There are 2 protein chains.
Amino acid sequence: MPSPDPVLSKFGIHVRNLRETQDLTQEQLAERAKLDITYISGIERGLRNPSLLSLLRLAKALGVSLKQLTEGVEL
Amino acid sequence: MPSPDPVLSKFGIHVRNLRETQDLTQEQLAERAKLDITYISGIERGLRNPSLLSLLRLAKALGVSLKQLTEGVEL
DNA sequence: TTGTGACTCTTAGTCCGTT
DNA sequence: AAACGGACTAAGAGTCACA
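Residues numbered from 1 in each chain as written. Chains lettered and ligands numbered in written order. Predicted model: local features only at pLDDT ≥ 70, side-chain atom pairs only at ≥ 80, totals over all residues. Heavy atoms only, no water.

As named in an unreviewed UniProt entry, chain A is Helix-turn-helix transcriptional regulator, taken from Phragmitibacter flavus.

The following block contains the structure:
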């Protein structure tokens, strides 16, 4: 497993905020996005660098657009 | 090499439009984004599924935000 | 409920070339 | 200038048992 990346961490925190705002558990989000719960966990901790297709599934599961999902995330 | 994906193709076309609007060659964009030219080519043809970090580098190289880069891309 | 390490398999991403 | 191919290494996708 990679070590946390600052950019990915910022993204992960944002995902976590979006998830908690909707009172979802990681497990519920994982189910909706058809992703593994440990994968969600890794994303929220900034350990994963998801692909465009994964981002889209995540956005859909959270009921937000890709632009909302990546709000404030920059290099 | 994978076959083109409809979602990735839409994204690739958008990248190509952004690039051509700025009169950049694939090579110039590749250089700016620090990505391989063949990889840029694959992205524009919908054959590649870039990671979040690559998307950010691409956005920066094109001088657009991530939201602009992914405009209209949905599952 | 979430974090973590370890794992396999696939793909991201690079580099060589030719058309 | 760009498409396309092969071969390659690094890293992401996706899953598991367990803390």
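Whenever I open this one, the protein's contact with DNA strand C confuses me. Can you help?
By nearness alone, 19 residues border DNA strand C, and A:Q26, B:Y39, B:R48, B:N49 and B:S54 come closest of all. Take the atoms of DNA strand C that sit within 4 Å of the protein: sugar and phosphate atoms are 69% of them. Taking B:Y39, its side chain carries an N or O atom lying 2.4 Å from a phosphate oxygen of DNA strand C. Here a phosphate oxygen of DNA strand C and a backbone polar atom of B:N49 are 3.0 Å apart. Contributions of two or more residues to the surface near DNA strand C are made by helix 1 (6–21), helix 2 (26–33) and helix 3 (37–44) of chain A together with helix 3 (37–44) of chain B. If one sorts the elements of the surface near DNA strand C by residue count, helix 3 of chain A sits on top with 3 residues. Partitioning the surface near DNA strand C into residue classes produces 4 nonpolar, 8 polar and 7 charged. (Near = heavy atom within 4 Å. Polar contact = N/O pair within 3.5 Å; in protein donor to acceptor, adjacent residues only side chain to side chain. Helix = DSSP H or I, 4+ residues; strand = E, 2+ residues; numbered from the N terminus. Nonpolar A, V, L, I, M, F, W, Y, C, P; charged D, E, K, R; others polar.)

How should helix 3 of chain B be read in this particular structure?
Quick reminder: α-helices carry 3.6 residues per turn. Residues three or four places apart thus point the same way. All names here are of chain B. Among the 8 residues in helix 3, 6 count as buried, and that is most of the element. When we look at burial in helix 3, the residues that qualify are Y39, I40, S41, G42, I43 and E44. Each element contacted by the buried residues of helix 3 is listed here: helix 1 (6–21), helix 2 (26–33) and helix 4 (52–62). Where helix 3 ends, the next residue or the one after it, G46, has phi of about 75°, a positive value. (Buried < 20%, exposed > 50% of the residue type's maximum accessible area, 1.4 Å probe, protein only. Contact = heavy atoms within 4.5 Å.)

Mind showing me how you'd approach the protein's contact with DNA strand D here?
Residues in close proximity to DNA strand D total 18 residues, the closest being A:Y39, A:S51, B:R16, B:R19 and B:Q26. Counted by atom, the contact set of DNA strand D within 4 Å of the protein is 63% sugar and phosphate. A:N49 places a polar side-chain atom, nitrogen or oxygen, 3.2 Å from a phosphate oxygen of DNA strand D. Those elements that place two or more of their residues in the surface near DNA strand D are helix 3 and helix 4 (52–62) of chain A together with helix 1, helix 2 and helix 3 of chain B. Partitioned by chemical class, the residues of the surface near DNA strand D number 3 nonpolar, 8 polar and 7 charged.

Help me understand the pattern of salt bridges, please; the structure alone is not making it clear to me.
Oppositely charged side chains can pair when the atoms bearing their charge come close. Scanning all chains against the criterion turns up 6 salt bridges over all chains. Notably, a salt bridge pairs A:R19 with A:E44, separated by 2.6 Å at the nearest N-O pair. Separated by 25 residues along the polypeptide, A:R19 in helix 1 and A:E44 in helix 3 bring together distant segments of the chain. For the pair A:R19 and A:E44, one class covers both residues: buried. Across the pair B:E71 and A:K67 runs a salt bridge whose closest N-O atoms are separated by 3.5 Å. Here A:K67 lies in helix 5 (residues 66–69) and B:E71 lies in the segment after helix 5 (66–69), a pairing that spans two chains. By relative accessible area, A:K67 is classed as partly exposed at 33%. Ionic contacts of the salt-bridge type, sharing partners, join the residues A:R16, A:R19 and A:E44 into one network. (Salt bridge = Lys/Arg side-chain N within 4 Å of Asp/Glu carboxyl O.)

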